[in-house]
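# Examining the three-dimensional arrangement
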Amino acid sequence: MSPVIPIRAETATGCTDVVPLVERGQREVFCGLTGIIWLHRKIQDAFFLVVGSRTCAHLIQAAAGVMIFAEPRFGTAIIDERDLAGLADVHEELDRVVNQLLTRRPDIRMLFLVGSCPSEVIKLDLSRAAERLNQHHHPAVRVLNYSGSGIETTFTQGEDACLASMVPSLPKSNTAAKQLMVVGTLADVVEDQMKHLLEQMGVNVTFFPPRKSQEMPAVGANTQFLLAQPFLADTARALQDRGAQHLPAAFPLGVEGTTAWLQAAATAFGVSPLLFEKVTATPRQRAEKALAVQRQMLQDKSIFFFPDSQLEIPLARFLHRELGMRLIEVGTPYLHRQHMAPELAWLPAGTRISEGQDVDLQLDRCIQDAPDMVVCGLGLANPLEAQGMTTKWAIELVFTPMQGYEQAADLAGLFSRPLRRREKLAA
Ligand code: SF4
């Protein structure tokens, strides 16, 4: 039977063999603590305790902004004002803060100690602290640790470090039946849609991270996993160490990306092309129709990505192929060639891809290129807007449900809205 998936076949291999412009200079990007903002909303019985400084406390408060509820599930144990000679006291202080927290919040089932950059924290062995606290609070609470330090992580790598820290404690799968696991934080509404589509195809699926720490998915040699996010290199490696196999696929952004992502699962689980078509046709056509409206605004507009989230390449692919935007530069903090292979193949040959950052040089290029839109961090947005550029904050993209068919037009809308606003202002 001929393939029924209407993915545009291109004879060229796009940017598969691209040599990126590699820059190692000053970076303008959030640290991995930022991931706490979406992770704490996903794992509903977890608490994230940053072991850090007042700067760290300010960062997560500011990034969380209006999302702070009466009982937030993150906080900061501030240790930078301690006497460095008294490190033993720091451990005692940490134990005291944790005991107090867990007594006050019996709903917490999983506690993450999140490392940061102050030298006092770097000297602390947080894995030992987690082990000690684990013994003390077992079995009511599981204590894990990871680093969200700005020295080691950019903002989405915080999620990678968090998920990777959980992998060793996932239960071992004890069945031989193949099992699909979707890896990476998705908004609940997106997760429900993906689950529904896959189950209609007869594919049972688990999600990691789960919504409850008590519902950790099992992993083993029978596990095949799809990445829902492009920034999970360490997590993928940790799952592979537990015997799981990665299913290479484009990421589920836009109609094409979602179709290819679902297709990778369908192929691995022996779903017939007919059933695949039956399940995906309606939402796909609905999404294509909704995208056509957005295309009117975005067609032929040029876009420049500063490196922030590692989402840049899949986003660029979507904006170019489905909305007709012109790619000026696609910056990524890190280029994982293997996970990105299906995406690179879909970018137009010759796209300028940069890896890492030297922010001054990149700003010079951006200003010279004068794109219609710039995707960048909060710190760059204001100065660029002052120069007359239209910007999109990269961080909004990780907070917004944007994967899957139903969200494709909303995702396009995130890019068309600022352009429309700018046009109105200029009118
Ligand atoms: Fe804290 Fe370092 Fe992040 Fe600053 S960069 S908020 S010091 S972890």
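Just above, that's the structure.
Quick look at the structure, then.

### A look at a positive patch on the surface
Taken together, the side chains of R417, R420, R421 and K424 define a basic patch exposed on the protein surface. Counting through the fold element by element, R417 comes out in helix α16 (residues 408–426). By relative accessible area, R417 is classed as partly exposed at 48%.

### As for the site of the ligand
For the ligand, the full set of nearby residues is C31, L33, T55, C56, L59, S116, C117, S149 and G150. Grouping the amino acids of the shell around the ligand by side-chain chemistry returns 5 nonpolar, 4 polar and no charged.

### Focus on the nonpolar core
The biggest cluster of nonpolar side chains holds 104 residues, and the ones touching the most others in it are F48, F112, M166 and F415. Here this core gets 7 residues from one element, more than from any other, and that element is helix α9 (residues 254–268). Contacts of F415, omitting those with residues within four sequence positions, involve L298, I303, L315, L319, M373, V375, K392 and L397. Ranked by size, the runner-up nonpolar core spans 22 residues in total, among them L49, V97, L101 and L126.

### Topic: the pattern of salt bridges
It is possible for side chains of opposite charge to pair when their charged atoms get near one another. What the rule picks out here adds up to 20 salt bridges. With its nearest N and O atoms 2.8 Å apart, the salt bridge here joins E256 to R321. On the criterion of sequence distance, the pair formed by E256 in helix α9 and R321 in helix α11 (residues 312–321) is long-range, its members being 65 residues apart. Considered together, E256 and R321 belong to a single accessibility category, that of buried residues. One salt bridge connects E343 with R317, and the closest N-O pair in it is separated by 2.7 Å. With a gap of 26 residues between them, E343 in helix α12 (residues 337–346) and R317 in helix α11 connect regions that are remote in the sequence. Among the ionic contacts, a cluster of salt bridges with common partners joins E23, E329, R352, R365 and D369.

About the criteria used
- Residues numbered from 1 in each chain as written.
- Predicted model: local features only at pLDDT ≥ 70, side-chain atom pairs only at ≥ 80, totals over all residues.
- Heavy atoms only, no water.
- Patch = residues over 30% accessible without salt bridge, like charges linked within 9 Å, V, L, I, M, F, W, Y side chains within 5 Å.
- Areas by Shrake-Rupley, 256 points an atom, 1.4 Å probe, with all protein chains shown as cover.
- Salt bridge = Lys/Arg side-chain N within 4 Å of Asp/Glu carboxyl O.
- Lys, Arg positive; Asp, Glu negative; His and termini not counted.
- Charge placed at Lys NZ, Arg CZ, Asp CG, Glu CD.
- Helix = DSSP H or I, 4+ residues; strand = E, 2+ residues; numbered from the N terminus.
- Buried < 20%, exposed > 50% of the residue type's maximum accessible area, 1.4 Å probe, protein only.
- Near = heavy atom within 4 Å.
- Nonpolar A, V, L, I, M, F, W, Y, C, P; charged D, E, K, R; others polar.
- Core = buried A, V, L, I, M, F, W, Y, C linked by side-chain atoms within 4.5 Å.
- Contact = heavy atoms within 4.5 Å.

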